[in-house]
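Commentary on secondary and tertiary structure
Below, each chain spelled out in residue letters.
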Amino acid sequence: MHKVFGSSNFAAAVRRLFLAAFAVFVATVAAVSTAQANPKYAGIVIDAKTGKVLYSENADSLRYPASLTKMMTLYMVFEALEAGRVSLNSRVPFSANAAKEPPSKLGVGTGRSVTVEQAILSLVTRSANDVATALAEYLGGSEQRFAQMMTAKARSLGMTKTTYRNAHGLPNTAQMTTARDQARLSVALRQHFPQYYGYFSTRSFKFGKQTIGNHNRLLGQVRGVDGIKTGFTRAAGYNLATSAELGGRSIVAVVLGATSGARRNAQMTSLVQRYLPAATSTRGGSNLIAKNNTSVAPSGSAARAAGGLPQLPQTGPMPDVRYTGVAQAYAAAPAGNAASAALNTMPAAPSASAPPVPVPQPAPAYLPNEGAAAAPPATAAQSVATAATTPPDVDAMTTASTAPSGGWVVQIGTSPDRELAMELLRDAQAKGGKVLRSATPFTVAYGDGSKQIFRARFGGFDEQKDAVNACKALKKKGIGCWAAAQ
């Protein structure tokens, strides 16, 4: 009798274990089968350190990007910022064409303007279509020209199946992409512009009397998620590109064509929770997504019609990267100069005889106290560093210590005079409070002779978040700045 009873308990325990395992299996299969039952669905998850594909379904099938388009619009904006063509305080004018775009929109009237930073925040949170068009006209001379520039940039990043026709993602049957291409763009945004990527984690921002929330409901809800972008049109379905990092592991995931926002979010949550623990926690390799120059100037007539618009950077600095070793996920990336081929199909850039396109100078990052000599903004030639050419002579200087050799730095401005640059640093440190208390102020000299300028920087930040937080504190005090890897 005792044996029979013991055997019965054992059998019951086995059944319970089997049922528990089966329930987990059914839940996983249900999520996958839901995706498979939807013909629009496509998805991919990659390990952002190694490039290994952890999950893939229809990853190379053509889909409509919807507002994921604005990720490339922002890539172009960040590129212009990094090269000094514009600043966060530059004004973006709204034409009648931009102002009439359908929602979602910021609602800026014809002839009015917003700052570049407000434009960035409105794309990240509200996904404002009117702002996307205004940026396209501002940076490209026309929306059509800017779309050509976006497509050329996509080719240079190895996005072999993506074509852009507008800057916002509203329906256009020729505007197509793939989940793999969007994952590649997600990694490139973090890798190439770590100083600006933090905008994608913005939960809300205030514009006039409005407080605008982010459409990405996973922010603050799913551990590790820090961006990137949502999208929806009736033709595209519900799209989402997501980056997540936790415990030294990093992934990028893309879901395209979900049948509802709730199902999209549930699918992405499932992918993050399942595959983030499977990502490597070791440092990635040295293969990076190439940061190639493919930007072209607006056509002369378009630029003149717009009153003189900035030419996108021809070269730019190469910041240290957060994600490395992504080549494996993109083994199908084209060899040769596919970007050049894309550029060859575009209207010709202005000839040498055409009137030059004026390049607006960025607004000063910081204004000294009244009576102090203001540092003139750097020229385009001074503000652009070229990795492919011989680097300029660099003479790092500081008053109390040597410049930090690693980690992250915060730059607050430039000056042709070293002492004025140090004065900027002393004043900023006094206003910055505790976030700058242990930071090291120093200047870095670029160029020589009359062309020498001094960049005013704070060093000593071990982590990106420390530098970004310090910069945020300075901005609240009215001091412009940006954070970058040393």
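The structure this text deals with has already been given above.
Criteria and cut-off values
- Residues numbered from 1 in each chain as written.
- Predicted model: local features only at pLDDT ≥ 70, side-chain atom pairs only at ≥ 80, totals over all residues.
- Heavy atoms only, no water.
- Pairing = 2+ DSSP bridges.
- Helix = DSSP H or I, 4+ residues; strand = E, 2+ residues; numbered from the N terminus.
- Axes fitted to C-alpha atoms, helices over the stretch in contact; angles between N-to-C directions.
- Contact = heavy atoms within 4.5 Å.
- Buried < 20%, exposed > 50% of the residue type's maximum accessible area, 1.4 Å probe, protein only.
- Salt bridge = Lys/Arg side-chain N within 4 Å of Asp/Glu carboxyl O.
- Phe/Tyr/Trp six-rings, centres within 6.5 Å; stacked < 30°, edge-to-face > 60°.
- Disulfide = S-S within 2.5 Å.
- Parallel < 35°, antiparallel > 145°, perpendicular 65-115°, else oblique.
- Left-handed = near helix turned anticlockwise from the far one by under 90°.
- Nonpolar A, V, L, I, M, F, W, Y, C, P; charged D, E, K, R; others polar.

1. Description of the sheet that holds strand E7 (residues 225-233)
- Within the open sheet, the five strands sit side by side as E2-E1-E9-E8-E7. Their pairing is antiparallel. The strands lining the two open edges of the sheet, one partner per strand, are strand E2 (53-57) and E7. When the angles between neighbouring strand axes are averaged without regard to direction, this sheet yields 5 degrees.
- Contacts between helix H7 (residues 179-192) and the sheet are confined to strand E1 (42-47), E2, E7, strand E8 (237-246) and strand E9 (249-258), with E9 contributing the most and set at about 140 degrees to the helix.

2. Side note on the environment of Phe454
- Position of Phe454 relative to the elements: it lies in strand E13 (residues 453-461).
- Classification of Phe454 as buried rests on a relative accessible area of 5%.
- For the pair Phe454 and Phe442, spaced twelve residues apart in the sequence, the C-alpha separation amounts to 9.5 Å.

3. Here we look at the pairing of E7
- Within E7, eight of the nine residues are buried, which leaves the element mostly enclosed by the surrounding structure.
- By the bridge criterion, eight bridges tie E7 to E8 in an arrangement that is antiparallel. For Gly231, the partnering residue across the bridge sits in E8 and is Asn239.

4. What to know about the pattern of salt bridges
- For the structure shown, the criterion picks out seven salt bridges.
- Note that Lys475 is salt-bridged to Glu117, the shortest N-O span being 3.3 Å. Taken together, the positions of Lys475 in helix H13 (residues 464-476) and Glu117 in helix H4 (residues 116-124) put the pair 358 residues apart, joining distant regions of the chain.
- A salt bridge links Arg426 to Glu423; the shortest N-O distance between them is 3.2 Å. Pair noted here: Arg426 and Glu423 are both in helix H12 (residues 418-432), with a separation of three residues, about one helical turn.
- Judged by relative accessible area, which is 37%, Arg426 ranks as partly exposed.
- Given a relative accessible area of 40%, Glu423 falls into the partly exposed group.
- Linked by salt bridges that have partners in common, Glu419, Glu423 and Arg426 make up one network.

5. So, the packing of aromatic side chains
- Counted by the stated rule, this structure contains eight aromatic pairs.
- Summarising the aromatic geometry, the rings of Tyr197 and Phe200 are spaced 5.3 Å apart at their centres and angled 40 degrees between planes, so their arrangement reads as tilted.
- For Tyr197, a relative accessible area of 4% puts it in the buried group.
- Through a chain of ring-to-ring contacts, three or more aromatic side chains come together here, namely Tyr75, Phe78, Phe193, Tyr196, Tyr197 and Phe200.

6. Examining the state of the cysteines
- Applying the stated criterion to the full structure yields one disulfide.
- Between the sulfur of Cys471 and that of Cys481 lies a disulfide, 2.0 Å long from S to S. Every disulfide takes its handedness from the sign of the S-S torsion; for Cys471 and Cys481 that torsion is 115 degrees, giving right-handed. Here the residue Cys471 occupies a position in helix H13, and Cys481 occupies one in the loop between H13 and strand E14 (482-485), the gap between them amounting to ten residues. One exposure class covers both Cys471 and Cys481, and it is buried.

7. Describing the packing of helix H2 (residues 69-82) against H7
- Between H2 and H7, the shortest axis-to-axis distance is 11 Å and the interhelical angle comes to 25 degrees. Considered as vectors, H2 and H7 are oriented roughly parallel to each other. Here H2 and H7 pass one another in a crossing that is left-handed. Contact with H2, carried on its side by Met71, Met72, Tyr75, Phe78 and Glu82, involves Gln182, Leu185, Ser186, Ala188, Leu189 and His192 of H7 and no other residues of that element.
- Here the residues of the contact of H2 with H7 sort into seven nonpolar, three polar and one charged.

8. Things to note about H4
- For H4, a buried count of seven out of nine residues is recorded, marking the element as mostly surrounded by other parts of the structure.
- Residues of H4 that are buried: Val116, Ala119, Ile120, Leu121, Ser122, Leu123 and Val124.
- Those residues of H4 that are buried lie in contact with H2, strand E3 (91-93), strand E4 (113-115), helix H5 (129-140), strand E5 (204-207) and E7.

9. Description of unusual backbone geometry
- Residue Ser104 is reached from Pro103 by a cis peptide bond, and omega for that bond is 5 degrees.
- Within the secondary structure, Ser104 sits in the loop between helix H3 (96-99) and E4.
- Of the consecutive residues Gly227 and Ile228, the connecting peptide bond is found in the cis state with omega at 25 degrees.
- Of note, Ser127 is a non-glycine position whose phi angle comes to about 60 degrees, a positive value.
- With respect to the element layout, Ser127 can be found in the loop between H4 and H5.

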